[in-house]
Amino acid sequence: MKLRDEIRQEIETIIKQENIDRNNFKETSKFEYQKVIHKFYYTFYDYKKCYRNPKPDSDIDLSYFWLHFREELKHSKSIICGDWDKIIESIDTLIPQTCDFYYLILDYGWVYEGKLKKIKKVLANTDFRLQDFYILPKRNKFNWVVCYCEDGDCLFSRFF
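Residues numbered from 1 in each chain as written. Predicted model: local features only at pLDDT ≥ 70, side-chain atom pairs only at ≥ 80, totals over all residues. Heavy atoms only, no water.

Q: I'd love a proper account of the nonpolar core, names of residues and values included.
A: Nonpolar side chains in soluble globular proteins generally cluster together in the buried interior. Ranked by internal contacts, the top residues of the largest apolar core, which has 31 residues, are L123, F133 and I135. Among the elements that make up this core, the one with the highest residue count is helix α3 (residues 84-94) (five residues). Those residues in contact with I135 that lie beyond four places of it in its chain are I91, Y102, Y103, L104, L116, I119, L123, W144, V145 and V146. I60, L73, F142 and V145 belong to the second largest nonpolar core, which has 24 residues in total. (Core = buried A, V, L, I, M, F, W, Y, C linked by side-chain atoms within 4.5 Å. Buried < 20%, exposed > 50% of the residue type's maximum accessible area, 1.4 Å probe, protein only. Helix = DSSP H or I, 4+ residues; strand = E, 2+ residues; numbered from the N terminus. Contact = heavy atoms within 4.5 Å.)

As structure tokens, then:
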């Protein structure tokens with residue numbers, strides 16, 4: 001089984017083990033997740049300067065996405081931890097507005113949606129194989145994103 005599929009399976013296992021109500025956290029519909037990824041990409045990625053300019057109907061590679069944010073975006077100070085639990089706890093401090101639902105986008109291409117408390121619960125129970133993840137508001141326009149990058153062991157936000 002590929003690592004990408006193992007991550008998805010692990011998250012499904014966490015949902016079941018933690019008895020997470022799928023009204024509070026679930027995988028986004030297969031009919032919607034490419035739309036969400038494309039919106040994320042065209043909102044935040046500096047696709048004019050960088051080499052990854054996909055066709056509208058193709059998959060977007062999200063690995064190292066955090067290196068190619070648009071230059072005009074503002075950003076928070078990075079939270080560098082070295083401690084996974086601290087990273088999960090720090091997510092709240094980077095969210096500029098309270099929403100009821102969020103998207104969680106993994107660099108492996110999976111898109112989930114849910115309440116922040118449940119997103120954090122799932123992230124806290126993963127096996128640390130997540131390279132990067134992004135949290136965005138679901139119901140509002142994409143005007144901010146919280147980003148975790150494993151290479152830098154840091155968490156930060158980018159916003160307009």
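Q: Residues and numbers for the pattern of salt bridges, please.
A: Tallying each qualifying case throughout the model produces nine salt bridges. The salt bridge involving E12 is made with R22; its shortest N-O contact spans 2.8 Å. Residue E12 is located in helix α1 (residues 3-17), and its partner R22 is located in the loop between α1 and β1 (25-27); the two are separated by ten residues in the primary sequence. Note on E12: relative accessible area 15%, which makes it buried. Assessed through its relative accessible area of 35%, R22 is described here as partly exposed. The closest approach of N and O atoms between E18 and K121, which form a salt bridge, is 3.7 Å. Of this pair, E18 sits in the loop between α1 and β1 while K121 sits in helix α4 (residues 116-124); the two residues are 103 residues apart in sequence, bridging distant segments of the chain. The class for K121 is partly exposed, based on a relative accessible area of 32%. Salt bridges sharing partners connect three or more residues here, namely R8, E27 and K30. (Salt bridge = Lys/Arg side-chain N within 4 Å of Asp/Glu carboxyl O.)

Q: Tell me what's going on with the environment of I11, and back it up with residues and numbers.
A: Among the structural elements, I11 can be located in helix α1. Remark: the alpha-carbon pair of I11 and L73, spanning 62 residues in sequence, is separated by 31 Å. The residues contacting I11, other than those within four sequence positions of it, are F25, L106, Y112 and V122.

Q: Lay out the packing of aromatic side chains in plain terms, naming residues and giving numbers.
A: Tallied over the entire structure, the rule returns 20 aromatic pairs. Relative to F69, the ring of F44 has its centre 6.3 Å away and its plane inclined at 85 degrees; by these criteria the two rings are edge-to-face. Highlighted residues: F44 in helix α2 (residues 33-44) and F69 in the loop between α2 and β2 (74-75), separated in sequence by 25 residues. Looking at F44, the relative accessible area reads 0%, which means it is buried. Between Y103 and F142, the ring centres sit 6.1 Å apart and the planes meet at 75 degrees, which makes this aromatic pair edge-to-face. Of the two residues, Y103 is situated in strand β4 (residues 102-106) and F142 in the loop between β6 (132-137) and β7 (144-149); the sequence distance between them amounts to 39 residues. (Phe/Tyr/Trp six-rings, centres within 6.5 Å; stacked < 30°, edge-to-face > 60°.)

Q: Lay out α4 in plain terms, naming residues and giving numbers.
A: All of the buried residues along α4 are L116, I119, K120, V122 and L123. Down the axis of α4, the buried set is contained in an arc of 160 degrees. They therefore lie on one face. (Arc of directions from axis to C-beta.)

Function-wise, these values are silent; they only describe arrangement.
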